[in-house]
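Report on the structure
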Amino acid sequence: MLKILRLTGISIGPLLIIGTAILPACLTNQTPAEQPIEVNTKAQFAVQTEQRFTLNGTVFHDYNGDGTKEEREPGIPEVSLNIGRRIVTTNSTGFYEISLPQGEYTLWIQYPPRGHNLQPFRYINISREEYKTIDKTILIKIDGDVIYDLALMQGFLTLPFGKDTVFTITQISSDYPLGIIHYVDRSNKEKVYMDWSGGGRTYDQHPGTDFVIKENTPILSAAPGTVLEWPFPYEVNGKNVVLIQHEAPYEKYMCITTDYGHLNEAKVKPGEKVKRGDIIGLSGKSGNWVYKQGEHLHSDLCYWQTLNPPKLYFTDPYRNTVALEWYSPGFWTRDNDPQYP
Ligand SMILES: [Zn+2]
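Thresholds, definitions, all that
- Residues numbered from 1 in each chain as written.
- Predicted model: local features only at pLDDT ≥ 70, side-chain atom pairs only at ≥ 80, totals over all residues.
- Helix = DSSP H or I, 4+ residues; strand = E, 2+ residues; numbered from the N terminus.
- Buried ≥ 20, exposed ≤ 12 C-beta atoms within 10 Å, placed from the backbone.
- Pairing = 2+ DSSP bridges.
- Axes fitted to C-alpha atoms, helices over the stretch in contact; angles between N-to-C directions.
- Core = buried A, V, L, I, M, F, W, Y, C linked by C-beta atoms within 7 Å.
- Domains from an automatic or database assignment.
- Contact = placed C-beta atoms within 7 Å.
- pLDDT = per-residue confidence, 0-100.

Following Tyr111, the chain continues into Pro112 via a peptide bond in cis, with omega recorded as 0°. Mapped onto the elements, Pro112 comes out in the loop between strand 8 (103-110) and strand 9 (123-125). Here the amide bond leading from Asn308 into Pro309 is cis, since omega sits at 0°, within 30 degrees of zero. With a phi angle near 65°, Glu78 is a residue other than glycine that sits in the positive phi range. Structurally, the position occupied by Glu78 is in the loop between strand 4 (52-61) and strand 5 (80-83). Residue His262 is not a glycine yet carries a positive backbone phi of 60°. Residue position: His262 is located in strand 19 (residues 253-263). When the 26 C-beta atoms within 10 Å are taken as the criterion, His262 is described as buried.

In structure tokens form, the structure reads like this:
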């Protein structure tokens, strides 16, 4: 038997309007009350807006990209935070404070200040699991006093191994920072090669970075993401490769990926979500390259352009090879200086 709606409402789209109260459409499927319920929304709203709360926090250099402020990570002065229609600027220690009525706000960061020729930040690290490009807004809900620290990074990558890693080659010569024996070949010309610093520490068409580290070193995810199936019909990096998809900074790109090759063992499977710094495998010494007998990690950074089929750009994490941003110095978390996780 049909129940007859006794509410005198007019249905417009998904909303049912009864007097001054607005009910979601789902409520219209419930057993109707004899009389419409009076909801004094105006009065409630007035009470809410009178309640003000303090939003404060520190904007800091997130060297290790974990979203948490540590002692060695200094605050950043003169950062403008646009909150709703208000602007607040951080003081000399990176601290900011603002009083706001209860509500939901979008927060947007502006750095460097206008007229300053400073290196801009490119990423906000919300947590170890999440990062965003700096031009994206963050939603903040204020229903009490809120402490909100903001972690800024220049790139989104942290080193793919821990701080106790043994760089075998640095024992031979201190000229090899982080055991890097090959960078990305930045020359398009055949049989001509050049690394990001203009030097020759690479070989023709080498697409990634080779870190010479002790075999079976735990390899860590350089950024949060999802493990993908290795999509190529050939084995670029030897037997075990872990490929991780990361958030794309621009719509033009489907995603960014990092991969980690020549592993003795992969510790993750396609489909798995990884946090920054999660162990994804153990390094090995397979591979077909100049430094043939050596133990090392080969790691690539790729941009996947949204085309059919997607176009893939091998990118130098030390210096951008795709013209994304003129000021782009690298993809590591601070300047060109990779930080330990
Ligand atoms: Zn390599």
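Here 4 strands make up an open sheet; going across it, the order is 6-5-8-11 and the pairing antiparallel. In the strand order of this sheet, the two ends are held by strand 6 (86-89) and strand 11 (138-142), each with one partner. Within this sheet the neighbouring strands show an average axis-to-axis angle of 30°, counted without direction. Pairing of strand 8 with strand 11, which is carried by 5 bridges, proceeds in the antiparallel orientation. Bridging across to strand 11, Glu104 finds its partner in Lys141.

Ranked by size, the top nonpolar core spans 49 residues in total, and within it Val59, Ile124, Leu152, Phe156, Ile219 and Val242 carry the most contacts. Sorting the residues of this core by element identifies strand 4, strand 9, strand 13 (150-153), strand 14 (180-182), strand 16 (218-220), strand 18 (240-246), strand 19 and strand 23 (297-305) as the ones contributing at least two each. Looking at which domains feed residues into this core, each of domain 1 (51-153) and domain 2 (168-315) gives three or more. Other than its neighbours up to four places away in sequence, Phe156 contacts Tyr123, Tyr131, Ala223, His246 and Phe331.

This next bit is on the sheet that holds strand 22 (residues 279-282). With respect to topology, 3 strands assemble into an open sheet ordered 16-22-20, the strand pairing being antiparallel. Of all strands in the sheet, those bounded by a partner on one side alone are strand 16 and strand 20 (265-266). Sheet analysis places strand 16 next to strand 22, joined by 3 bridges and oriented antiparallel. When the sheet's bridge partners are listed, Leu220 is paired in strand 22 with Ile279.

This part takes up the confidence of the model for the protein. Confidence in the prediction for the protein averages 80 pLDDT; 76% of positions are at 70 or higher. Of the regions scoring below 50 in pLDDT, residues 1-33 engages in 28 contacts with residues more than four places distant in sequence or in other chains.

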